[in-house]
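# Structural overview
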Amino acid sequence: MASYTTRQRDPLLDSNMQAAIERRGKELFGIGLIVLGVLAAMMIGSYSPEDPNWMLATDAPVQNWLGRFGASLAAPLFMIIGWAAWAVPVTLWAWGLRLATHRGDDRMVGCLIFAPIMAALAAIYCSTLVPGAGWTHSFGLGGLFGDTVHSVLLTIQPFGAAAGTRIVSLLSGIAFVALGLFVLGFTRPELRVFGRFVLVGSIVLYTLILGLLGRGASVSMHAAKVAQANIAARREQGRVERAQIEEEAAAYRAYPDPEMKARVAAVVRANPAMPTSRVMPVITATPGMG
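Conventions adopted
- Residues numbered from 1 in each chain as written.
- Predicted model: local features only at pLDDT ≥ 70, side-chain atom pairs only at ≥ 80, totals over all residues.
- Heavy atoms only, no water.
- Helix = DSSP H or I, 4+ residues; strand = E, 2+ residues; numbered from the N terminus.
- Areas by Shrake-Rupley, 256 points an atom, 1.4 Å probe, with all protein chains shown as cover.
- Polar contact = N/O pair within 3.5 Å; in protein donor to acceptor, adjacent residues only side chain to side chain.
- Contact = heavy atoms within 4.5 Å.
- Phe/Tyr/Trp six-rings, centres within 6.5 Å; stacked < 30°, edge-to-face > 60°.
- Buried < 20%, exposed > 50% of the residue type's maximum accessible area, 1.4 Å probe, protein only.

### What to know about the overall build of the chain
- Looking only at helices and strands, the chain features 10 helices and zero strands.
- Element order for the chain, N to C, with α for helix and β for strand: α-α-α-α-α-α-α-α-α-α.
- Accessible surface for the chain amounts to roughly 19800 Å². Of this, 68% is attributable to carbon and sulfur atoms.

Structure representation (structure tokens):
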């Protein structure tokens, strides 16, 4: 019985080419996530309760930067989780950047599973905050979900409403930050590097501020010294001018002849520092010489 050996076909792409294509694909996907994050931020940042959407029919012009489509998506998002909707673009940016730079992209699926829980904790924390004057909704900053969970937590805790709200705010804020770091894919080495960067940046910023304040103080002191010197120079000039005027007045009173007054005034102007007592004898001898 004859046996036939079949020759294996060579792969179309070698392993290096396949790895390169996979890397370029992840980079493109990451850039796409960053673009989606920018669009989501534009949609959330330009949200207006008066925009027409599937829950509100109005002829008012759409203020959302993504048009009626963006307004229709932003309205239910704000109604459910409120300002916690900002977790969507932040998550897209973080993982888009990780995929584009190939940093921790292997943890993407395991971390993004907990993204809805992170948004829920953010909504609970936002519900404990006091809305500003521009918030026109009947629900709080955490949307209907945040208000519902917040009210349930207040009923089961033994403290009053004010103290209970502070406790819920503290615990939900800590849980949101901790889970948010995990969802965004941060590891302990990355957190250490980030903490070191924040510490060094704070020290450098503090040193720069002190340097600017010291330079500003030295400039102000120099300006004050210059202003003081100018004032002293003006005072000295005024004193000299007043002394010259007094000398001219004394010469006028000493010589009643108008022609002699003019000659005395000319001598005084030519020699402002010359005392009047020394000028008097010289001029007194002048009429006798004529």
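### A closer look at the side chain of Thr165
- Mapped onto the elements, Thr165 comes out in helix H7 (residues 161-183).
- A distance of 2.7 Å separates the side chain of Thr165 from the backbone oxygen of Ala161, its partner in a polar contact.
- With residues up to four places along the chain from it excluded, the contact list for Thr165 reads Thr128, His150 and Leu154.

### Describing the packing of aromatic side chains
- All chains considered together, the criterion is met by six aromatic pairs.
- Summarising the aromatic geometry, the rings of Phe78 and Trp135 are spaced 6.4 Å apart at their centres and angled 40° between planes, so their arrangement reads as tilted. Placement of the pair is Phe78 in helix H2 (residues 67-81) and Trp135 in the loop between helix H5 (115-127) and helix H6 (143-156), with a sequence separation of 57 residues. As far as burial versus exposure is concerned, Phe78 and Trp135 are alike and both buried.
- Ring plane angle 40° and centroid distance 6.2 Å describe the contact between Trp83 and Trp135, whose orientation is recorded as tilted. Remark: Trp135 occurs in the loop between H5 and H6 and Trp83 occurs in the loop between H2 and helix H3 (87-101); sequence separation between them is 52 residues.
- Residue class for Trp83 comes out partly exposed when judged on its relative accessible area of 35%.
- These aromatic residues form a ring-pair network of at least three members: Tyr47, Phe78, Trp83, Trp135 and Phe139.

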